[in-house]
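Below are the chains, spelled out letter by letter.
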Amino acid sequence: MLNTLRMILYLRVSSFANMLIYYLQRLPWLGRRISDRIYGNLRIKRIAAVFAFCLSLLWGFLAHSLYVGLVIFFPVRAADGHLSTPEQLALFWHIFFLLSFIIAGVANIKMLEPKRDKYIAVKLMRLSATRYMQATLGYRYAAFLVFLLPALLFFSARLGASPLTGVIVAIATTLWRLVCELLHLWIFRRTGTILIKHNLIVWPVILGGLAAAYAPLQLEWIPATGMLLINGPVMFLIAALGLTAGIRLFRFTRYEDAVEAATKRDDPLLDLGKVMADAQKSTVQTKESDYTAETLSSKAFEGKKGFAYLNAIFFARHRSLIYEPVKKRLAVLGGLGAAALLAVFVFRQQAASVAAGLGHLLPILLIVQYFLSVGERICKALFYHCDLKLLRHSFYRQAAAEHFRLRLARILGQNLLIAGILGLILTIVASVAGDFSVNRSSLILMWICVLSLSVFFSVHHLFSYYIFQPYTTELNAKNPFFLIFNWVISMVSVITIQMRPDPLYFTIAVLALSVLYLGCAFALVPKYAPRTFRVK
């Protein structure tokens, strides 16, 4: 077991060290001074590996501190003027429970997650699948407890929780993850279903969990969920289930099927890029119906030349990838709109109150528009079906600005359509719920926000793709600059929601930032994309 764990740590640290060297070479000024020969220098590689390991430990503590602090503690603390300290603590545990127990229990399980380390260790290096999984799970959740405990102790103590409560909740969270790992394994062995790959299950849980977690902050309502979490019998039950799950996972000796499902490939030793790409391939698969005689006809592209012709062919021959996400989002919006209208007729007084305060709910559109925008999936499809091969040619990279503009127009058109339907639904619901003449100014601000945010996120996804090009040949996003950039955008959205800015100032800021982002994109892509838009 210890030898297997050492091997796993070696693989991860070595991979992290190589990635660290690679991205240091991408930095301005410093990158030019780091030669490719450093990859073959054993002494420097050892130093880089030690530094990478220390950095990974530091990042573990920092990531959990940012998670507990910015995602949970800060939103609760922002309601300081409305809630007492015990009420804030109850909300803190409520949000923590929904995010760390419910959402993470469905969407953040590693048992069946396809990873390069798992493939290399089990398939190429022939390590025992059972020993690999036992060592991986043991290390993961031991590290998880060590990283989570200081953050939970510090931030919960700021709200009046005792250190003992923080320790118990951290241990319970770790043990609960073991229960979820065992549950996912049981579902897979009984049905052959890999639960974390079912978006129709995972995304409703994520969105519903987020709504349930943060809704009490807007409604100034204190649910009992948080106090139930730190209830003695509940903690005892979670501990008993977690210990039982941990023992069963450790004693389980037939991990081969689970590892095979996560690393199953047709010809793994011939093309490692293809091997790992299959794990993400389902999100960019096309359908036979995309390749009809009408679509393949050259008459559909008459009058187009160069990159306009190329992109027209791509968007025509990948309709299922491009338009189905839009149709699904419109269907979801229609269903939610019908449900909202029904709620308006059932809860007249509450609906009128919400409609009257529509302007103060505008910051929530940041999160809504982020999930409704279709740019990320289109960028992944563009990379997999078009750019992956063409980026190897310098003429294509040099013309990045031209095809950036063509693609932005396509993505922007789709997001504006989604934004228009969202604005129409909100207008109808708000008008039915309250007095239209009273809500007129709020509705105007809402429309400006919705349309501006559709522009912002259209630019954001494509700009991030061209400037950072995060996708490897396995379709994994490993660029740390890309991840940090997106993380900052997400955190700014969460913080803005909790600040409850004035609707007029918020709308002006959103409009100004969208225009500024658009201008920066048109200025920076021609300058930097020929160097950054490349295969990694």
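For the structure itself, consult the block above.
What this report covers is the structure whose coordinates are included nearby. (Residues numbered from 1 in each chain as written. Predicted model: local features only at pLDDT ≥ 70, side-chain atom pairs only at ≥ 80, totals over all residues. Heavy atoms only, no water.)

1. Some remarks on the overall build of the protein
Reasoning step 1: When helices and strands are tallied, the protein shows 22 helices and zero strands.
Reasoning step 2: Relative to its full complement of 536 residues, the protein shows a buried share of 43%.
Reasoning step 3: Long-range contacts, defined here as pairs at least 24 residues apart, represent 82% of the contacts in the protein between residues at least 6 apart.
Reasoning step 4: Carbon and sulfur atoms make up 67% of the accessible area of the protein, which amounts to about 27,000 Å² in all. (Helix = DSSP H or I, 4+ residues; strand = E, 2+ residues; numbered from the N terminus. Buried < 20%, exposed > 50% of the residue type's maximum accessible area, 1.4 Å probe, protein only. Contact = heavy atoms within 4.5 Å. Areas by Shrake-Rupley, 256 points an atom, 1.4 Å probe, with all protein chains shown as cover.)

2. What to know about the pattern of salt bridges
Reasoning step 1: Under the definition given, this model contains one salt bridge.
Reasoning step 2: Salt-bridge contacts for Arg407 lead to Asp387; the nearest nitrogen and oxygen are separated by 2.8 Å. Separated by 20 residues along the polypeptide, Arg407 in helix 19 (residues 400-433) and Asp387 in helix 17 (residues 375-390) bring together distant segments of the chain.
Reasoning step 3: Since its relative accessible area comes to 0%, Asp387 is described here as buried. (Salt bridge = Lys/Arg side-chain N within 4 Å of Asp/Glu carboxyl O.)

3. Points about the side chain of Ser442
Reasoning step 1: Checked against the element boundaries, Ser442 lands in helix 20 (residues 436-468).
Reasoning step 2: Contacts of Ser442, omitting those with residues within four sequence positions, involve Leu358 and Gly359.

4. Overview of the nonpolar core
Reasoning step 1: The biggest cluster of nonpolar side chains holds 64 residues, and the ones touching the most others in it are Leu365, Leu462, Tyr465, Tyr466 and Phe533.
Reasoning step 2: Per-element accounting of this core gives the leading share, 16 residues, to helix 20.
Reasoning step 3: Each residue touching Tyr465, except ones within four places of it in the same chain, is listed here: Cys379, Leu382, Phe383, Asp387, Arg407, Pro470, Tyr471 and Phe533.
Reasoning step 4: Membership of the second largest hydrophobic core comes to 59 residues, among which are Leu89, Leu159, Met235 and Leu249. (Core = buried A, V, L, I, M, F, W, Y, C linked by side-chain atoms within 4.5 Å.)

5. Section: the packing of helix 3 (residues 85-107) against helix 5 (residues 129-158)
Reasoning step 1: Contact pair helix 3 / helix 5: the axes reach a minimum separation of 11 Å and the direction vectors enclose 155°. Taken together, helix 3 and helix 5 sit at an angle that is classed as roughly antiparallel. Side by side, helix 3 and helix 5 meet where Leu89, Phe92, Trp93 and Phe96 of the first sit next to Leu148, Leu152, Phe155 and Ser156 of the second.
Reasoning step 2: Among the residues forming the contact of helix 3 with helix 5, the class breakdown is seven nonpolar, one polar and no charged. (Axes fitted to C-alpha atoms, helices over the stretch in contact; angles between N-to-C directions. Parallel < 35°, antiparallel > 145°, perpendicular 65-115°, else oblique. Nonpolar A, V, L, I, M, F, W, Y, C, P; charged D, E, K, R; others polar.)

6. Re empty space enclosed by the protein
Reasoning step 1: Enumeration according to the criterion identifies one cavity of 30 Å³ or more in this entry.
Reasoning step 2: By volume, the largest cavity amounts to about 40 Å³.
Reasoning step 3: Every residue along the wall of the largest cavity is listed here: Gln369, Leu372, Ser373, Asn415, Ile418, Ala419, Leu453, Ser454 and Phe457.
Reasoning step 4: Going through the elements one at a time, helix 16 (364-372), helix 19 and helix 20 are the ones with two or more residues in the lining of the largest cavity.
Reasoning step 5: Looking at the lining of the largest cavity residue by residue, the classes come out as five nonpolar, four polar and no charged. (1 Å grid on protein atoms, 1.4 Å probe; cavity = no way out; pocket = protein on both sides within 12 Å on 5 of 7 lines; lining within 4 Å. Points joined across faces, edges and corners; volume = space filled by probe spheres on them.)

7. Some thoughts on unusual backbone geometry
Among all residues save glycine, negative phi is the norm, and among peptide bonds the norm is trans.
Reasoning step 1: Backbone geometry at Gln469 places phi at a positive 35°, although glycine is not the residue there.
Reasoning step 2: Residue placement: Gln469 occurs in the loop between helix 20 and helix 21 (480-499).

8. Observations regarding the packing of helix 13 (residues 306-317) against helix 17
Reasoning step 1: Two numbers describe how helix 13 lies on helix 17: the axes approach to 12 Å, and their chain directions differ by 130°. Judged by the angle between their axes, helix 13 and helix 17 are oblique. For the pair helix 13 and helix 17, the sense of crossing is right-handed. Taken together, the residues of helix 17 that come into contact with helix 13 (itself represented by Leu310, Phe314 and Phe315) are Ile378, Ala381, Leu382, His385, Cys386 and Leu390.
Reasoning step 2: Here the residues of the contact of helix 13 with helix 17 sort into eight nonpolar, one polar and no charged. (Left-handed = near helix turned anticlockwise from the far one by under 90°.)

9. Brief notes about the packing of aromatic side chains
Reasoning step 1: If you walk through the whole model with that rule in mind, you get 24 aromatic pairs.
Reasoning step 2: Consider the rings of Phe383 and Tyr471, whose centres lie 5.8 Å apart with planes at 40°: the pair is tilted. Of the two residues, Phe383 sits in helix 17 while Tyr471 sits in the loop between helix 20 and helix 21, which places them 88 residues apart along the sequence.
Reasoning step 3: Tyr471 gets classed as buried once you look at its relative accessible area, which sits at 5%.
Reasoning step 4: Judged by centre distance (6.1 Å) and plane angle (85°), the ring pair of Phe404 and Phe522 falls under edge-to-face. Taken as a pair, Phe404 in helix 19 and Phe522 in helix 22 (residues 503-532) lie far apart in primary sequence, 118 residues in all.
Reasoning step 5: Look at Phe404 and you get buried, because its relative accessible area is 1%. (Phe/Tyr/Trp six-rings, centres within 6.5 Å; stacked < 30°, edge-to-face > 60°.)

10. Looking at helix 9 (residues 232-251)
Residues separated by three or four positions in an α-helix point in the same direction, a consequence of the helix having 3.6 residues per turn.
Reasoning step 1: End to end, helix 9 covers 29 Å across 20 residues, agreeing with the expected 28 Å (1.5 Å per residue, within 8%).
Reasoning step 2: Within the span of helix 9, buried status applies to Met235, Ile238, Gly242, Ala245 and Leu249. An end-on view of helix 9 places all buried positions within 95° of arc, on one side of the element. In helix 9, the exposed residues that point more than 90 degrees away from the buried face are Pro233, Phe236, Leu237, Leu243, Arg248 and Arg251.
Reasoning step 3: Residues of helix 9 that are buried make contact with helix 3, helix 5, helix 6 (163-191) and helix 8 (225-229). (Expected span 1.5 Å × (residues − 1). Arc of directions from axis to C-beta.)

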